[in-house]
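# Coordinate inspection notes
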Amino acid sequence: MKLTSLFTYLFLFLMCSCVSVEKYNAHIDKKIPANKLKKDVDFAYKKLKRYHPKLDMYLAQNELDFKFDSLKKTLTKSLKPNDFYIKFFPIFESLEHGHTYIYPIYKRLNKKEIKQYKDSKSAFNDYSFFWKNDSVFLVHDQSKINPINPGSALVFIDNIPTKYLYDKYKKSIFGDGKNTTFTDNVFNRTFLNYVTLEQGIKDSVELTFLMGNKPIRKKTFRTYPKSKETEKKELPKITKEQKQIDRKVRIKQKTYGYSKNSAAYSKDLSFPTNDSTIAVLKVTDFRKGKIQELYKEVFTDIKNHKVQNLVLDLRNNGGGFIKDAHYLYAYLVDDSKSFLGEKIVANKTSFGKSLYNIFPTYTYPLLWLGSGYTYFATSKNSDNEYELHIPFSFVKIDKSLIYKGNLYVMINGGSYSASSLISANLQLKNRAFFVGEETGGDFNGTVAGLMPKFTLPHSKLQMSVGTVYLSPIEKREEMGHGVYPNQEIKPTLEHKIKRIDPELNWILNDIKKENAVYNKVLQIENHLLN
């Protein structure tokens, strides 16, 4: 009887799960009445005003009110959720706060589809692309059948013009403030997501390229893992030595934050030349790895190799945890006690209330204590803003490992959030020479912290809201732009095709010239600071 009941409950659960996916996907094609869409607009604005501490940082309050009122006036007919998204996201773009965002709705997969697509590779897996202005070009075609020449323009994906994707979706990607580097960078890396949004997941797509003036069409397919052989093969016996090697690999992967998808580590130290006094520390994100342990190992290695020139690669580092960035910062400067300046919230309860949106119900008793603590830790400052007086990170390091040599930092539009904050702090201290392009995050800080998500009641679109304005240890007068490089270098299509790293090459060349530009620029800036 008990076993029968178990199977009955399991069957009902699976049925409900399938129904819920069907219901969710059906909603995407359902038109929502205009009056309900207007209620969603009001709901979104109410949440923004309740939780966001710097709504008027880049846009005056009266202009913001006007934009929301104007949007509601344009809602005169029923719209599907994603059509509503197209009308709504320009308001979020005008806020110029990259962490505060509204999301389109993608179709969900049912259990059968999840199983079907598990371990498969996208039809685009063999291709890499590069956007230049409003056109996209092929960088590499790794497929073995009739590969397309690098540099060919991609003009259609099935029947979707790539120019259509650019015009419709590019502005939905935005960073902090007025800079455009974040938009260019992220759209370049994620534009294929919008093909999935338009068409869903497909087993094959037809790509139309222009090679010169000649159109070339190529069909490309999703690949699936080969079926396992029925006959069991006798596995080779694993030796004790091999077990030890495998264990060391697993420990390193866990410590350094290994990603199976990208087959790369979150933090990786390498030596690009035969000269071991030149090292590159690539930090892909501030999210993964055992940070206290790994940074100690990294900077011990740097010390043992007597590194004189360290290149910190923060390109395409979209940020993560403040504590992670703070630990790295602590190994690069003498005084690292402070990493953040002011921490501004919307009101005394906004930070505590956002906890309930992020954490599960069973944690509410603990959250009650946490929200109470943040309430009493929040007070008005001299600018009549609510400031949160709690530390976001502590660091404890071996100070003998602090790196004091030459420091180059590579940045681009994908350097955002925490990576923009650490860049700002290093530039404020005149500690590093920056190479690349302007960061996607504002030099003066970002509104992030806890980022609760809210579901609009009728369209079911989701929005995220940054709740804490986090600034570097000091600010500069100019607002709305990121950390500027001392040496601006923007990779071209030719660089991508030839797999040339122009930023790193420039740095290595400057090191060969005894850090000529590095010394000249930093000496001038040190003189200005003094």
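Data block above holds the structure.
Given the structure is predicted, the values throughout are model-derived calculations rather than measurements. (Residues numbered from 1 in each chain as written. Predicted model: local features only at pLDDT ≥ 70, side-chain atom pairs only at ≥ 80, totals over all residues. Heavy atoms only, no water.)

## Looking at the overall build of the chain
Summing up its helical and strand segments, the chain has 17 helices and 22 strands in all. Expected size for 530 residues packed as a compact globule is a radius of gyration near 24 Å; at 26 Å, the chain falls within 12% of this value. Sorting the 530 residues of the chain into buried and exposed places 45% on the buried side. Total accessible area on the chain is roughly 29,400 Å²; 53% of this is exposed by carbon and sulfur atoms. Both charge centroids of the chain, one from 83 positive and one from 56 negative side chains, sit 7 Å from each other. (Helix = DSSP H or I, 4+ residues; strand = E, 2+ residues; numbered from the N terminus. Rg over C-alpha atoms; globule rule 2.2 N^0.38 Å. Buried < 20%, exposed > 50% of the residue type's maximum accessible area, 1.4 Å probe, protein only. Areas by Shrake-Rupley, 256 points an atom, 1.4 Å probe, with all protein chains shown as cover. Lys, Arg positive; Asp, Glu negative; His and termini not counted. Charge placed at Lys NZ, Arg CZ, Asp CG, Glu CD.)

## Digging into the sheet that holds strand E20 (residues 462–464)
Strands in a sheet are paired, the pairing made by backbone hydrogen bonds, and the direction either parallel or antiparallel. As summarised here, the arrangement of the three strands in space is E1-E20-E19, forming an open sheet in which the pairing is antiparallel. Each having just a single partner strand, strand E1 (101–103) and strand E19 (453–455) make up the two edges of the open sheet. Ignoring which end each strand starts from, the neighbouring axes of this sheet average 25° apart. With three bridges connecting them, E19 and E20 associate as antiparallel partners. Bridged to Lys453 within E20 is Ser464. Against the sheet, helix H2 (residues 34–51) makes contact with E19 and E20, and its axis sits at roughly 160° relative to E19, the strand it touches most. (Pairing = 2+ DSSP bridges. Axes fitted to C-alpha atoms, helices over the stretch in contact; angles between N-to-C directions. Contact = heavy atoms within 4.5 Å.)

## Regarding the sheet that holds strand E16 (residues 406–411)
Sheet architecture is open: six strands sit in the order E10-E11-E12-E16-E17-E22, paired in mixed fashion. Where the open sheet ends on each side, the last strands, each with one partner, are strand E10 (267–270) and strand E22 (487–488). With two bridges connecting them, strand E17 (residues 433–436) and E22 associate as parallel partners. Across the sheet, Val435 pairs through a bridge with Gln487, a residue of E22. Contacts from helix H10 (residues 291–304) reach E10, strand E11 (278–283) and strand E12 (309–313) within the one sheet, and its direction differs from that of E10 by about 10°. The strands touched by helix H16 (residues 502–512) within the sheet are E11, E12, E16, E17 and E22, with E16 carrying the most contacts at an inclination of about 160°.

## Things to note about the packing of H10 against helix H11 (residues 322–330)
In contact at an axis separation of 10 Å, H10 and H11 are set at 20° when each is read in the N-to-C sense. With respect to their mutual orientation, H10 and H11 come out roughly parallel. As for the relative orientation of H10 and H11, their crossing is right-handed in sense. Here Ile291, Gln292, Tyr295 and Phe299 of H10 come into contact with H11, specifically with Lys323, Asp324, Tyr327 and Leu328. (Parallel < 35°, antiparallel > 145°, perpendicular 65-115°, else oblique. Left-handed = near helix turned anticlockwise from the far one by under 90°.)

## Observations regarding helix H6 (residues 162–169)
Within H6, burial applies to Thr162, Leu165 and Tyr169. The buried residues of H6 occupy one face: seen down the axis, they fall within an arc of 60°. (Arc of directions from axis to C-beta.)

## Some thoughts on the side chain of Ser393
With respect to the secondary-structure elements, Ser393 resides in the loop between strand E15 (386–388) and E16. Exposure remark for Ser393: the relative accessible area of 15% places this residue in the buried category. In this structure the side chain of Ser393 is engaged in a polar contact, spanning 2.6 Å, whose partner is the side chain of His326. Those residues in contact with Ser393 that lie beyond four places of it in its chain are Ile322, Lys323 and His326. (Polar contact = N/O pair within 3.5 Å; in protein donor to acceptor, adjacent residues only side chain to side chain.)

## Here we look at H2
Counted at 1.5 Å a residue, the expected span for H2 with its 18 residues is 26 Å, and the 26 Å between its end C-alpha atoms agrees. Restricting attention to buried positions, one finds in H2 the residues Ala34, Leu37, Asp40, Val41, Ala44, Tyr45, Leu48 and Tyr51. Buried residues along H2 cover an arc of 150° about the axis, so they all sit on one side. Check the buried side of H2 and you find it contacts helix H3 (61–74), helix H4 (81–95), helix H12 (350–358), E19 and E20. (Expected span 1.5 Å × (residues − 1).)

## Some details on the pairing of strand E3 (residues 135–141)
The buried fraction of E3 is high, at six of seven residues. Bridge count between strand E2 (residues 127–132) and E3: six bridges; the pairing is antiparallel. Counterpart to Phe129 in the pairing with E3 is Leu138. Between E2 and E3, which pair antiparallel in sequence order, lie two residues; one of them, Asn133, sits at a positive phi of approximately 60°. Of the pairings in the sheet, the one linking E3 to strand E4 (residues 153–157) comprises two bridges and is antiparallel in character. Within E4, the position partnered with Phe137 by the bridge is Ala153.

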